[in-house]
Amino acid sequence: MGSLEGGVNFKRDPLLRSSSSSSRSDRNPFLQRQRSRFSRFFLVKKLDYLQWICTVAVFLFFVVLFQMFLPGSVIERSRTTLTDEEFSSGDLMLLKEYGMLDFGEDIRFEPSKILEKFRKDAKEVNLSPTFNRTSQRYPQRRPKIALVFSDLLLHSQQLLMVTVAAALKEIGYEFEVYSLEDGPAHATWRHTGFPVSIIRTCDRTDSSVDWLVYDGILLNSIEAKDIFSCFVQEPFKSLPLIWTIHDRELAIRSRKYASNKQIEILNDWKRAFNRSTVVVFPNYVLPMIYSTFDAGNFFVIPGSPVEAWNSYSQMDLEKDHLRAKMGYGSEDIVITVAGSEILYRGLWLEHSIVLRALLPLLEDFSSDDNSFPHLKIIVLSGDSASNYSLAIEAIALNLKYPVGVVKHVPIDMDADHVLAASDVVIYGSFLEEQSFPDILIKAMCLEKPIIAPDLSIIRKYVDDRVNGYLFPKGNVGALSQVILQVVSKGKLSPLARNMASIARGTAKNLMASECVEGYALLLENVIKLPSEVALPRAVSEIPLELKEKWQWDLFEVSNLTNLNTRLKSYSFLDNFEVQWNHTQQEKFGSIAAASDSFIYSIWEEEKHIQMANSRRRREEEELKDRSDQSHGTWEEVYRNAKRADRSKNDLHEREEGELERTGQPLCIYEPYFGEGAWPFLHRTSLYRGVGLSSKGRRRGADDLDAPSRLGLLNNPYYRDVLGEYGAFFAIANRIDRIHRNSWIGFGSWRATARKVSLSGVAENALLGAIQTRKHGDALYFWVRMDMDSRNPSKLDFWSFCDAINAGNCKFAFSEAFKKMYGIKHDLKTLPPMPQDGDTWSVMHSWAMPTRSFLEFVMFSRMFVDALDAQMYSEHHSSGHCILSLHKDKHCYSRLLELLVNIWAYHSARRMVYVNPESGEMQEQHRFKSRRGQMWVKWFSYSTLKSMDEDLAEESDSEHPIRHWLWPSTGEVLWQGMYERERNLRHQQKERRKQKSKEKLDRMRRRNRQKVIGKYVKPPPDDTENSNTTLTGVL
């Protein structure tokens, strides 16, 4: 696994394995190491008789050596004097140094890749962009996070996320809750002040969400896999996604997928893990178990209230009933020896040390016959697929324990009931864990006295003789003394009971502070906040009452039922497999049905249809050629000729949609990128989609393919950096091919998602104003800047532009404006955009005459080219942009979003706001208030047209080799091109005339050969007379 340091060793000592270990390796492929060279040699090579003898001798030697070091070897010595001859931690180190046993020190999870990414991102923030400009933050809103659940049932994950959300809300975060299913936790979230929404699927308009309004997504549990389809599609594919996983059922099920060769379903889960920015686990064992899915994005935030939550229901269980069910009496003292969830070779030796320390306790237990003492010891370790029970039996037998006293129970069988039935819990693992062991938390929550070694992570939360007992690691004598203090005369001591009660209060909120701080630091490193978003405050400012304990008071204790999350996860995985198999069957079934349905009769019908269409198309072309056409200027003749050539190959894939829009004065285009925007697009004849990518176009819809109309959009860099302006340039490029309406409009799918798109009433009002020419050449818009969520402070135009562009909007516009108009001196003033109480347009939702749109595109092409000239080099190479605080592939889009306001205001167009609900119209920035402030000379059509022709002439004649964006954004036309083509056609005509004249001259001047002789055929009469004469003579 890429995130682990060193080799991961989960393998037990070979001396304690039997033939059944092979089946365990099949079930647990990630819990095994490769075989050693000796074992491979022993199993593969053919050994002769002498080699077998040597092998057995070596084996017996090691058995004797281990027997010498086992604690059982000192049993025959004095059981009362343990100070000098006890088995200490130094002996453990000796075994480790000789390489005989390992104790798991090399098993650690380190999220090295993701930590390195955090460090790299932190360094990049300090990089200074071009022009030596410093980026600034204009805090206008709080960072927004979406919390997504599979359901709102009451379980520990709800408690965890409520605690985290309530704490982070105090330092500036804003949360909204989404769930696939409703539940009792809905009221809890509402009571806390967080809005809750129930969503169904990602492809339904009534339940779809514009996830781009959020700065990050927090996804909880593997059951939320159904919502992943929203985040693997554009435009939501790059959103920061943090996925929290608390269960191990998927990891267990993944082994089944691998063994059954179900690679496709395994890859589907891997795609979900790869899509996640960070996958968060509550302990350090889970990321090791999920190593199959590790893409270098695993992270651990220790702490979870799951054990405390489950203890509320388990405390109600009758202890005597559980003990009777397990075969123990009420007078028995049940001691459970638990350990690390990580399996390593030295685990059996640690258990033997603990069992050795428990031997003096046997003397305090007496019964009628010594064969049945009241002391019961349960070793809770391993799994049901292992043979560890045989090892425990061998150790107990070696230590002279009576039969039936020591019992092994796999930890994956029924650990909760074992702990509930126990009187004392001993933590028998000496491995330095990275987080507090879950098994100890569970025991403390059940009010069981705990005895644990003095490991650093345990000392952090357990105070000796306050809420638990601690003993030096590997010290058998100290452990025996502690046990004798806890259990005295066959009963628990009052001190032990008191400490267990205190420990329950400690465990109830254990590591809550670490969990809250962990999520705060993770969000700080993962989420890149735009310049208009305020930074959250420091974690230290979170109130202690919100940070140091879980929010139990928000959940009634009576409602804290123990929801079986494991059974719930298994049920979800079963249903997921059924749906997956059904989908695959439908997929392959549809392919087979499609191939079967393609029979000869259908092919014949299709052939006749194609022949009829080709015949009709040929007749229309012939009739068109015979019709009289009026001749205009050279430009009109040129365009008509080009249009006639293109019409021969024009497919007209959606003729019905074009016919519906023919009689309308307005067509509103909706640019989009990716399938995630589909639910927000209209399907009426007034609207038409524009796909910015050929891959994400709607099936069966009359959408335009922008990259096929403008080759620049095939470049992902410019497709992202231009945004909706790519659709503007694509439609304006030879607009007469696709748009034949007198007015043109554009609408953002994000406006539809925010419920600010035109209603039916507003659409009719807009069409009526256009048909009656109520406002003349005007710009109608229906999304206001002062109502935008990015502008709660109602900033003026240039201040708002600076706020969403890292404080560099005015600078970037000024530099682009100077380059565009060739201004040499320093331009300190900008086109005035006064704050007169009116508002401006945002989110590219407006309509204007088609002729005005072409003029606006002509201005925009030159402005975008000037903007690209100053930013392309730095942004394309490093990803940094002066208009953003972080790497941003949409560098120009926020500045260009406001450009239509500058052009409309200073080109003397009326600006009219249309209420998207009622259709009421209000003119903004009336002409009277504009007097003396408009820069009409700079934005007039004659000025822009002359500049456009100059650029076209430069591109056509000089062919610059430098990076130049303008020629790629649309048509390159100027009068010289028409004259050159006219001269070219005239020259071709003169050449044809000259060739024809030369051919005639050659025909006239060629030498003719004189006739040498001529054969004259005799007349028919002479032939008959000669034949008669010859006959008479004969």
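Since we're looking at a predicted model, the values are computed, not measured.

Caption draft 1: Looking closely at the packing of aromatic side chains. In total, this model carries 57 aromatic pairs according to the counting rule given. For the pair phenylalanine 175 and phenylalanine 194, a centre-to-centre distance of 6.1 Å together with 85° between the ring planes defines the contact as edge-to-face. Residue phenylalanine 175 is found in strand β2 (residues 174-179), and its partner phenylalanine 194 is found in the loop between α7 (185-192) and β3 (196-198); the two are separated by 19 residues along the sequence. For phenylalanine 175, a relative accessible area of 2% gives the class buried. A connected cluster of aromatic rings, assembled from ring pairs, spans Phe797, Trp798, Phe813, Phe817, Tyr821, Trp840, Phe859, Phe863, Tyr905, Trp935, Trp938 and Phe939. Stacked on the ring of tryptophan 269, the Lys or Arg lysine 225 has its end atom at 5.4 Å from the ring centre. For arginine 784, the ring lying beneath its charged end belongs to tyrosine 913, and the centroid distance is 4.7 Å.

Caption draft 2: Representation of the sheet that holds strand β12 (residues 450-453). If you walk across this open sheet you meet the 6 strands as β10-β9-β8-β11-β12-β13, and the pairing is parallel. Two strands lie at the open edges of the sheet, namely β10 (406-409) and β13 (469-471), each paired on one side alone. Ignoring strand direction, the axes of neighbouring strands in this sheet form an average angle of 20°. Where strand β8 (residues 333-338) meets strand β11 (residues 424-427), 4 bridges bridge the pair, whose relative direction is parallel.

Caption draft 3: Representation of the pattern of salt bridges. Tallied over the full model, the rule gives 32 salt bridges. Here arginine 504 makes a salt bridge to glutamate 447, at a shortest N to O gap of 3.9 Å. Of this pair, arginine 504 sits in helix α20 (residues 494-508) while glutamate 447 sits in the loop between α17 (438-445) and β12, and the two are 57 residues apart along the sequence. When its relative accessible area of 23% is taken as the criterion, arginine 504 is described as partly exposed. The class for glutamate 447 is partly exposed, based on a relative accessible area of 33%. Residue glutamate 815 pairs with lysine 818 through a salt bridge whose shortest N-O separation is 3.5 Å. Here the residue glutamate 815 and the residue lysine 818 both occupy positions in helix α33 (residues 809-821), the gap between them amounting to 3 residues, near one helical turn. What makes glutamate 815 partly exposed here is its relative accessible area of 26%. Here the salt bridges share partners, and the residues they tie into one network are Arg253, Lys256, Asp574 and Glu577.

About the cut-offs
Residues numbered from 1 in each chain as written. Predicted model: local features only at pLDDT ≥ 70, side-chain atom pairs only at ≥ 80, totals over all residues. Heavy atoms only, no water. Phe/Tyr/Trp six-rings, centres within 6.5 Å; stacked < 30°, edge-to-face > 60°. Helix = DSSP H or I, 4+ residues; strand = E, 2+ residues; numbered from the N terminus. Buried < 20%, exposed > 50% of the residue type's maximum accessible area, 1.4 Å probe, protein only. Lys NZ or Arg CZ within 6 Å of the ring centre and 35° of its normal. Pairing = 2+ DSSP bridges. Axes fitted to C-alpha atoms, helices over the stretch in contact; angles between N-to-C directions. Salt bridge = Lys/Arg side-chain N within 4 Å of Asp/Glu carboxyl O.

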